[in-house]
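Examining the three-dimensional arrangement
The primary structure of each chain is shown beneath.
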Amino acid sequence: MPARPFPIQHFLGIDQNAIPGADPRYTRDLDGVRPQFGRLFGMGGTDELRDITTTFSTTPTIGLYPHIAVTLTSKLTRMSPTAFEWLDTSSDVWTNVTGTALTGASTDRPQYDMISTSLIFTNEGNDRPRKWTGSGNTAVLGGTPPFAKALASYVGFVLLGNVSDDGTFTDVTDGAITGRYSDDWDNDWTLCNGNEIILDETPGEILAIKVFGRDSIWFKSDGLVNVRWTGTGIRFVQNRINFAKGIIAPLSADVSEAGVFFLSTDLELCITDGQQVKVLPPRVQRKLQETLDVTKALRCVGKVVGNEETYNLFYPTSTADTYNRGRICYNFRTGEFWHRTYSGHQIVRATTWRQNNTTDEFLVASASDDLVYQLDTTDVDDNGTKVARYYTTDYLNFGAPVEKYYRGMELTFKRAQDVTVKVSVAKDDSDLFLYEQTFSLKGVQGRTDVIVEYRPPQPFKGWNFNTKVRFFHNGTTNKGELINALAWWEPVVEEKRERRDNTVDAVM
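Report follows, based on the coordinates. (Residues numbered from 1 in each chain as written. Predicted model: local features only at pLDDT ≥ 70, side-chain atom pairs only at ≥ 80, totals over all residues. Heavy atoms only, no water.)

1. A closer look at the environment of M79
- With respect to the helices, strands and loops of the structure, M79 is situated in strand β9 (residues 74–79).
- Look at M79 and you get buried, because its relative accessible area is 0%.
- Separated by 31 residues in sequence, M79 and P110 place their C-alpha atoms 8.5 Å apart.
- Other than its neighbours up to four places away in sequence, M79 contacts F56, P60, T61, I62, G63, F84, L102, P110, Y112, F121 and N123. (Helix = DSSP H or I, 4+ residues; strand = E, 2+ residues; numbered from the N terminus. Buried < 20%, exposed > 50% of the residue type's maximum accessible area, 1.4 Å probe, protein only. Contact = heavy atoms within 4.5 Å.)

Encoded structure:
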């Protein structure tokens, strides 16, 4: 009986809630593999940023953010509890420009923004908000601003949220829901008559402020409030956004062209445009809800990579994690999800860095070993630790709920030097993958693609089958790219009927 084909095309990434076989474009299990354009790509490795192996003299690195000049030339900065430095790329040396020492803590979650030519920041209220102009040392904003846990730049104003005049933050019934603003933010914080915004729509404290279009969105522990500048005698109007939850991780909030992403108090990924909140599709929400406890969730870090149109959430994968080992990625243009695990590092903070106006931005992150890394590089591993890159088709019955023989699979890859793949198969919901075979993607000169023909060494009978593909990048030039797959199967029942018919014919 001839084997029958079952095509798997236009891969769409991970969906933990998928019913096996309902849509073979989704899988419940992949790691270190990115879906894009209907294909699967092995993700890059991790390397010390600009090969700098000198750790921060005061640890850990609790803050990363670029200072961006009008020419778009960018200087990357980093912060520890007591120091502030910038990276001089002419010598690849981190230069201390703290000035008066900071008095922060290792648990601080600093917030930053750019206004005019200054990078402004706060270290969760341990010190008064500061600025760095790109030269000299950091300095407290002029006019004696209040201590504040949240900060943003908005239509010429600096907004401060969750404020305190003396830095004690004991007035949880007032300062925690209070914001202050100044349009002469480096000189005077008393010019605006009644320059306070009281967010008493909910009792929870202000944790973050993000700007989307003409709206400033104030994220509270139990709600969201839209504060908009009117340009009239009543400078700001505020409206509670219809959302019954708040934000649990202040650094999970980041702005994209689609809206502001954040992690809500019920551990769901959400997006808001300042008018409404939408929960992202539940395809990977279980990874958060099953592995994260509430006390660890506040450490999550979210970052949008604009040129890739992705939102990336770094999160603890278990109660044993001090910082973040897991990474959930979401393409907000296509709706694809995927996942990445960092076995060799725990990510403390992350940001994007675009060095000038002729280069793309890329992800950088500080890790628990007190170094700063570039993520998604061409490196084969995570600074010496192997990367798990694999994709599973999930359990498929190939559209026929009958017992069958799995005859193998044809996998089409883009031809790539120094890339190998290993293919194996499991059956009937078992987690034991068998018959692993290794294939090179070196291919033939003059051909663009490579067809890998995987065949089990002996008949493999079952009801449903799961094919696993592992990617191995053995050089820094190429990455694995899976284009499509074609499974071959043969029903057992028809084979038995054919044998019975042959027996009857022989007797007659």
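2. Quick notes on the layout of surface pockets
- Considering only enclosed or pocket space, the largest pocket measures out at about 710 Å³ in volume.
- Y65, K210, D254, K303 and T351 are, among the 34 residues lining the largest pocket, the residues nearest its centre.
- Mapped by element, the contributors of at least two residues to the lining of the largest pocket are β8 (63–68), β12 (111–115), β16 (147–154), β20 (206–212), β24 (254–256), β28 (301–305) and β32 (347–353). (1 Å grid on protein atoms, 1.4 Å probe; cavity = no way out; pocket = protein on both sides within 12 Å on 5 of 7 lines; lining within 4 Å. Points joined across faces, edges and corners; volume = space filled by probe spheres on them.)

3. Points about the pairing of strand β36 (residues 404–414)
- Among the 11 residues of β36, eight are classified as buried, and the element is accordingly described as predominantly covered.
- For β36 and strand β40 (residues 460–462), the ladder comprises three bridges, and the chain directions are antiparallel. Considered in β40, the bridge of Y406 is made with F460.
- The pairing of β36 with strand β42 (residues 481–491) spans nine bridges and is classified as antiparallel. Opposite F413, over in β42, you have L482 as the bridge partner.
- In terms of strand pairing, β36 meets strand β39 (residues 449–454) through six bridges, oriented antiparallel. Looking across to β39, one finds that M409 is bridged to Y454. (Pairing = 2+ DSSP bridges.)

4. Description of the packing of aromatic side chains
- All chains considered together, the criterion is met by 28 aromatic pairs.
- Ring plane angle 50° and centroid distance 5.8 Å describe the contact between F460 and F465, whose orientation is recorded as tilted.
- The class for F465 is buried, based on a relative accessible area of 0%.
- Ring-pair connections join several aromatic residues into one group, and the members of that group are F6, F398, Y406, Y435, Y454, F460, F465 and W489.
- Positioned above the aromatic ring of F56 is the side chain of R78, whose terminal nitrogen or guanidinium carbon lies 4.1 Å from the ring centre.
- Seen from the ring of Y342, R340 lies directly overhead, with NZ or CZ sitting 4.3 Å from the centre. (Phe/Tyr/Trp six-rings, centres within 6.5 Å; stacked < 30°, edge-to-face > 60°. Lys NZ or Arg CZ within 6 Å of the ring centre and 35° of its normal.)

5. As for the pattern of salt bridges
- Within this structure, the stated rule accounts for 21 salt bridges.
- When the shortest N-O distance is used, the salt bridge between R286 and E290 registers 2.9 Å. Here R286 pairs with E290, and both are found in helix α1 (residues 285–291), just four residues apart, close to one helical turn.
- Here E290 falls in the exposed class, since its relative accessible area comes to 56%.
- A salt bridge links R327 to D376; its shortest N-O distance comes to 2.9 Å. With R327 in strand β30 (residues 326–331) and D376 in strand β34 (residues 372–377), this pair connects stretches of sequence that are 49 residues apart.
- Residue R327 is classed as buried on the basis of its relative accessible area, which comes to 2%.
- One continuous salt-bridge network, built from bridges that share partners, spans D165, R180 and E196. (Salt bridge = Lys/Arg side-chain N within 4 Å of Asp/Glu carboxyl O.)

6. Things to note about the environment of T291
- Tracing the backbone shows T291 in helix α1.
- We classify T291 as partly exposed; its relative accessible area is 30%.
- Distance in space between the C-alpha atoms of T291 and D266 is 13 Å, their sequence separation being 25 residues.
- Setting aside residues no more than four positions away along its own chain, T291 makes contact with R286, Y315, P316, T317 and S318.
- In this structure the side chain of T291 is engaged in a polar contact, spanning 2.4 Å, whose partner is the backbone oxygen of K287. (Polar contact = N/O pair within 3.5 Å; in protein donor to acceptor, adjacent residues only side chain to side chain.)

7. A short note on the sheet that holds β24
- Read across the sheet, four strands follow the order β24-β25-β26-β27 without closing on themselves; strand pairing throughout is antiparallel. At either end of the open sheet lies a strand with only one pairing partner, and these are β24 and β27 (277–279). Between one strand axis and the next, the sheet turns by 30° as a mean value, whatever way the strands run.
- As paired strands, strand β25 (residues 259–263) and strand β26 (residues 269–272) are joined by four bridges and run antiparallel to one another. By the bridge assignment for β26, F262 is matched with C270. (Axes fitted to C-alpha atoms, helices over the stretch in contact; angles between N-to-C directions.)

8. Side note on the sheet that holds β34
- Taken in spatial order, the four strands make up an open sheet running β7-β34-β33-β32, and their pairing is antiparallel. The sheet is open, and its two borders are formed by β7 (45–48) and β32, each paired with just one other strand. Between one strand axis and the next, the sheet turns by 30° as a mean value, whatever way the strands run.
- Of the pairings in the sheet, the one linking β32 to strand β33 (residues 362–367) comprises six bridges and is antiparallel in character. Along β33, the bridge assignment pairs I347 with A367.

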